[in-house]
Amino acid sequence: MTPLAHILALPVRAYRLLLSPWVGHGCRFQPTCSTYAMEALALHGGIRGGWLTARRLCRCHPWGAHGFDPVPGTEPPADPGCTTTSPPRARPPRN
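Keep in mind it's a predicted model, so treat the numbers as computed, not measured. (Residues numbered from 1 in each chain as written. Predicted model: local features only at pLDDT ≥ 70, side-chain atom pairs only at ≥ 80, totals over all residues. Heavy atoms only, no water.)

Undergrad: What's the story with the overall build of the protein chain in this structure? I'm lost.
TA: Within the protein chain, the regular secondary structure consists of two helices and two strands. Ordering the α and β elements of the protein chain from the N terminus gives α-β-α-β. A burial count over the protein chain gives 24% of its 95 residues as buried. Contacts in the protein chain between residues far apart in sequence, at least 24 positions, make up 71% of those at least 6 positions apart. On the protein chain, roughly 7500 Å² of surface is accessible, and the fraction owed to carbon and sulfur atoms is 65%. (Helix = DSSP H or I, 4+ residues; strand = E, 2+ residues; numbered from the N terminus. Buried < 20%, exposed > 50% of the residue type's maximum accessible area, 1.4 Å probe, protein only. Contact = heavy atoms within 4.5 Å. Areas by Shrake-Rupley, 256 points an atom, 1.4 Å probe, with all protein chains shown as cover.)

Undergrad: I tried to follow the pattern of salt bridges on my own but got confused; where do I start?
TA: Any two side chains of opposite charge can pair, given that their charged atoms come close. Under the counting rule described, the total for this entry stands at two salt bridges. The salt bridge involving arginine 56 is made with aspartate 69; its shortest N-O contact spans 3.6 Å. Of this pair, arginine 56 sits in helix α2 (residues 33-59) while aspartate 69 sits in the segment after β2 (67-68), and the two are 13 residues apart along the sequence. Measuring nitrogen to oxygen at the nearest pair gives 2.4 Å for the salt bridge that ties arginine 59 to aspartate 69. Here the residue arginine 59 occupies a position in helix α2, and aspartate 69 occupies one in the segment after β2, the gap between them amounting to ten residues. Salt bridges linked by common partners bring Arg56, Arg59 and Asp69 together as one network. (Salt bridge = Lys/Arg side-chain N within 4 Å of Asp/Glu carboxyl O.)

Undergrad: Help me understand the layout of surface pockets in this model?
TA: Unoccupied space between atoms shows up once a probe the size of one water molecule is rolled over them. Estimates place the volume of the largest pocket at around 410 Å³. Residue lining of the largest pocket: 19 residues in total, with Tyr15, Cys27, Thr32, Cys33 and Ser34 positioned closest to the centre. For the lining of the largest pocket, the elements supplying multiple residues, two or more each, are α1 (3-23) and α2. Residues that form the lining of the largest pocket fall into these classes: ten nonpolar, eight polar and one charged. (1 Å grid on protein atoms, 1.4 Å probe; cavity = no way out; pocket = protein on both sides within 12 Å on 5 of 7 lines; lining within 4 Å. Points joined across faces, edges and corners; volume = space filled by probe spheres on them. Nonpolar A, V, L, I, M, F, W, Y, C, P; charged D, E, K, R; others polar.)

Undergrad: What am I meant to see in the nonpolar core here?
TA: Of all hydrophobic cores here, the largest spans six residues; its members are Ala5, Ala9, Val12, Ala37, Met38 and Leu41. Of all the secondary structure elements, the ones that give two or more residues to this core are α1 and α2. In this structure, alanine 37 is in contact with Val12 and Thr53, ignoring residues within four places of it in sequence. (Core = buried A, V, L, I, M, F, W, Y, C linked by side-chain atoms within 4.5 Å.)

Undergrad: Just checking my understanding: could you explain the side chain of aspartate 69 for this structure?
TA: Residue classification places aspartate 69 among the buried positions, given a relative accessible area of 17%. Polar side-chain contacts of aspartate 69 include one of 2.4 Å to the side chain of arginine 59. In this structure, aspartate 69 is in contact with Phe29, Gln30, Pro31, Tyr36, Arg56 and Arg59, ignoring residues within four places of it in sequence. (Polar contact = N/O pair within 3.5 Å; in protein donor to acceptor, adjacent residues only side chain to side chain.)

Coordinates in, geometry out; function isn't part of it.
Take a look at the structure:
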């Protein structure tokens, strides 16, 4: 992690330590916003990771989206031997 990323991670760590136990676990996204922030800062550094974190926090509101939203670049690589689409099935004959 870059020095800027370490500095930007301090409020996230403070939130996890002090506020998260009181607020509860109600994040709309998976991974949670604090986990997303730590991953983004570790993977992309202070500037891009900070930007990704700010964008994610702006999307985290009651009228926003929800669901699985990983940090860009952390998706598991596709298995070259595995196809993502199923082969076409033969249609049954019509009577």
